[in-house]
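So the chains spell out like this:
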Amino acid sequence: MLALHRDVLSTDERAQLRATLDAAGWSAHDLADRLHLATANAGADDALFARLLDLANRTTRPLRLRAFQWLRLRRGDYQLLKHDARERPPAAHVELIVDLSAAATGEAELVYTDGGATLFYVPQLPGSVAVIERPPALLRYQRYLCLRVADAEVHRLRLTLA
Amino acid sequence: MIDPSGWDLPSLTDRWRSATPFGHVAIDDLVARAALDELRQGVSKEPHWPNRGEIFEMMASGPPQQPTPRAFLEALGGPAVRDALAAITGYRLQRVDGNSYVYLAGSYLLPHTDHRPGVDRRIAYVYYLSPEGAFTGGELDLYRCTTDGSGDIVATEIAATLAPRPNRLLLFDVGLTTLHQVREVTGGARISLAGWFY
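Positions within a chain are numbered from 1, following the residues in the order the chain's sequence is written. For this description, chains carry letters from A and ligands carry numbers from 1, given in the order in which they are written. The model is predicted, so local features are restricted to residues of pLDDT at least 70 and side-chain atom pairs to those at 80 or more, both for listing and for counting; the totals for chains, interfaces and linings are taken over all residues. Values reported for side chains reflect all heavy atoms of the structure, with hydrogen atoms and water molecules removed beforehand.

Undergrad: Before we move on, can you summarise the nonpolar core with the specific residues and values?
TA: The nonpolar side chains of soluble globular proteins are, as a tendency, buried together. Residues and elements named next belong to chain B. Membership of the largest hydrophobic core comes to 42 residues, with the highest contact counts inside it found for Tyr103, Leu110 and Leu140. For the purposes of this entry, the term helix denotes a DSSP run of H or I that reaches at least four residues, the term strand denotes a run of E that reaches at least two, and both are numbered from the N terminus. The leading source of residues in this core is strand E8 (residues 140–147), at four residues. We call two residues in contact whenever any of their non-hydrogen atoms come within 4.5 Å of each other. Look past the residues within four positions of tyrosine 103 in its chain and what remains in contact with it is Glu57, Met58, Tyr108, Leu109, Val182, Val185, Gly188, Ala189 and Arg190. Judged by nonpolar contacts, the second largest core, of 30 residues, contains Ile2, Trp16, Ala84 and Val96. To qualify as a nonpolar core, a set must consist of buried Ala, Val, Leu, Ile, Met, Phe, Trp, Tyr and Cys residues joined through side-chain atoms within 4.5 Å. Buried, partly exposed and exposed residues are distinguished by accessible area as a fraction of the type maximum, computed with a 1.4 Å probe on protein chains only: under 20%, between the cut-offs, and over 50%, respectively.

Okay, here's the thing in structure tokens:
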């Protein structure tokens, strides 16, 4: 199941968050058949996380935060199913994808699949929050960012809830 | 169309065996100039469909229908070429398959191995059709993989980059850790025939 909430984070909020992430620094991840992207070294943002948890609770059911990750993707970056299969919690859970980007690229969608058929996409929509029910068999990949994104950057926050 | 009698088998064998990070070799000037022109015309008449998935974006044909690409695959999978490749690689090969591919700007094939359990792919090949200077990008990268005790890949680095020259046949080994990618094409059209020997 997918619920997409638009305009949850304003342009200013997103810009402030990106500045905070840049200040904390980024770690590059490069394992060719799994992923090529960066994660921020920043910690939790308690006020934001509480707000997002409330949104998730209203969309689904009472949940608790289990994990989070700040992500940055540029041209040439990707994340494949193989990485998701190793990284994801094995049990069913809820995932929040929060788009912190400055602008839409028209690319960079997240693709959810059962390993064969594509089931749905999460578009790269700045300010949006996608709430996804993830049963164990639902896998995700982040499409490769090709030259069409030019010098744009995609920033995302991913929350794992259960 | 393909005559391996002129191939320098000892040299090709040595290059395959000494290649890193895994067995690979390039055979240049594979077909005569006139045959290359006919192949280009034949492939240009094949329908190519948008093909987009987890690790790729390009245009792909189905099994070739035009006479010249079909003749190419028949020659590639014929006994003379298979015998020569057996000498080079040590693999006894039964057959070959292949499709044609068009990579336009923004097309790519991300790092992966062609190994599939239960599918006896022994050698992967790419044959480049585009004229010199017809595109930018599209090189083939081969990765050196570090594995842990269980065989999981825990580190990767590009160990060889092979240029996509016209009329060049690239052959490379298929195994659990033979990771390779086609770099994103940044302009023009990279046209190739590619598939596997079984």
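Next comes the rest of the account.
Undergrad: Tell me about unusual backbone geometry, and name the residues and values.
TA: Along the chain, threonine 20 of chain B connects to proline 21 of chain B via a cis peptide bond; the corresponding omega equals 5°. Positionally, proline 21 of chain B belongs in the loop between helix H1 (9–18) and strand E1 (24–27). The backbone phi angle of aspartate 7 of chain A is positive, close to 55°, even though this residue is not glycine. Tracing the chain through its elements places aspartate 7 of chain A in the loop between strand E1 (2–5) and helix H1 (11–24). On the basis of relative accessible area, aspartate 7 of chain A is assigned to the exposed category, the value being 67%. The phi dihedral of aspartate 29 of chain B falls on the positive side, at around 50°, and the residue is not glycine.

Undergrad: So what's going on with the packing of aromatic side chains? Which residues, and what values?
TA: Residues and elements named next belong to chain A. Here a pair means two rings of Phe, Tyr or Trp (six-membered ring of Trp) with centres within 6.5 Å. Their orientation is stacked below 30 degrees between planes, edge-to-face above 60, and tilted elsewhere. According to the stated counting rule, one finds seven aromatic pairs over all chains in the structure shown. A ring pair is formed by phenylalanine 49 and tryptophan 70, whose centres lie 5.8 Å apart and whose planes are at 35°; its orientation type is tilted. In this pair, phenylalanine 49 is assigned in helix H2 (residues 46–59) and tryptophan 70 in strand E4 (residues 65–73), connecting sequence segments 21 residues apart. Centroid distance tyrosine 112 to phenylalanine 120: 4.9 Å. Interplanar angle 20°. Geometry classified as stacked. In this structure tyrosine 112 comes out as buried when scored by relative accessible area, which is 0%. Since its relative accessible area comes to 16%, phenylalanine 120 is described here as buried. One aromatic cluster is present, formed by Phe49, Phe68 and Trp70 through successive ring pairs.

Undergrad: An account of the interface of chain B and chain A is requested, with residue identities and associated values reported.
TA: The interface of chain B with chain A comprises 20 residues on the first partner and 19 residues on the second. Buried area is calculated as the accessible area (1.4 Å probe) missing from two parts once they are joined, with the contributions of both summed. Carbon and sulfur atoms supply 52% of the area that chain B and chain A bury against each other, a total of about 1500 Å² over both sides. Salt bridge, as used here, is a side-chain nitrogen of Lys or Arg placed within 4 Å of a carboxyl oxygen of Asp or Glu. Arginine 75 of chain A is the partner of glutamate 184 of chain B in a salt bridge, and the nearest nitrogen-oxygen pair spans 3.8 Å. Where the side of chain B that touches chain A is concerned, the elements lending two or more residues are strand E5 (108–112), strand E9 (153–162) and strand E12 (185–188) of chain B.

Undergrad: Account for the side chain of serine 128 of chain A, with residues named and values stated.
TA: Residues and elements named next belong to chain A. Of note, serine 128 is situated in the loop between strand E8 (118–122) and strand E9 (129–134). By relative accessible area, which is 1% here, serine 128 ends up buried. Side-chain polar atoms of serine 128 contact the backbone oxygen of leucine 125, separated by 2.6 Å. When near neighbours in sequence (up to four residues on either side) are disregarded, serine 128 contacts Leu4, His5, Arg6, Asp7, Ile97, Val98 and Asp99. Pairing of N or O atoms within 3.5 Å defines a polar contact, subject to two protein rules: one partner must be a possible hydrogen donor and the other a possible acceptor, and residues neighboring in sequence count only if both atoms are side-chain atoms.

Undergrad: Please give an account of the side chain of serine 61 of chain B that cites residues and values.
TA: Mapped onto the fold, serine 61 of chain B is located in the loop between strand E3 (56–60) and helix H3 (67–76). Each residue touching serine 61 of chain B, except ones within four places of it in the same chain, is listed here: Glu46, Pro47, His48, Asn99 and Ser100 of chain B.

Undergrad: For the pattern of salt bridges, give the residues involved together with the corresponding values.
TA: Scanning all chains against the criterion turns up 24 salt bridges over all chains. Close ionic contact of arginine 140 of chain A with glutamate 95 of chain A constitutes a salt bridge, the shortest N to O distance being 2.9 Å. One end of the pair, arginine 140 of chain A, is in strand E10 (residues 139–142); the other, glutamate 95 of chain A, is in strand E6 (residues 93–99), and 45 residues separate them in sequence. Residue arginine 140 of chain A shares its accessibility class with glutamate 95 of chain A, and that shared class is buried. Where salt bridges share partners, they join Glu107, Glu109, Arg143 and Arg148 of chain A together with Arg52 and Glu57 of chain B into one cluster.

Undergrad: Please set out the environment of valine 174 of chain B residue by residue, giving values where relevant.
TA: All names here are of chain B. In this structure, valine 174 sits in the loop between strand E10 (169–173) and strand E11 (180–182). Residues valine 174 and glycine 188 lie 14 residues apart in sequence; the distance between their C-alpha atoms is 29 Å. What valine 174 contacts, discounting residues up to four positions off in sequence, is Asp114, His115, Arg121, Arg122, Ile123, Ala124 and Trp196.

Undergrad: Account for helix H2 (residues 33–45) of chain B, naming residues and giving values.
TA: All names here are of chain B. Here the expected span of a helix is defined as 1.5 Å times the quantity of residues minus one. Taking 1.5 Å per residue as the helical rise, H2 with its 13 residues ought to reach 18 Å, and the 19 Å between its terminal C-alpha atoms agrees with that figure. Looking only at H2, the buried set comprises Ala35, Leu36, Leu39, Arg40, Gly42 and Val43. Mapping the buried residues of H2 onto a view down its axis gives an arc of 165°, with all of them on the same face. Set apart from the buried face of H2 by more than 90 degrees, the exposed residues are Arg33, Ala34, Ser44 and Lys45. The arc refers to the directions leading from the helix axis to the C-beta atoms.

Spatial relationships are all this shows, so hold off on functional conclusions.
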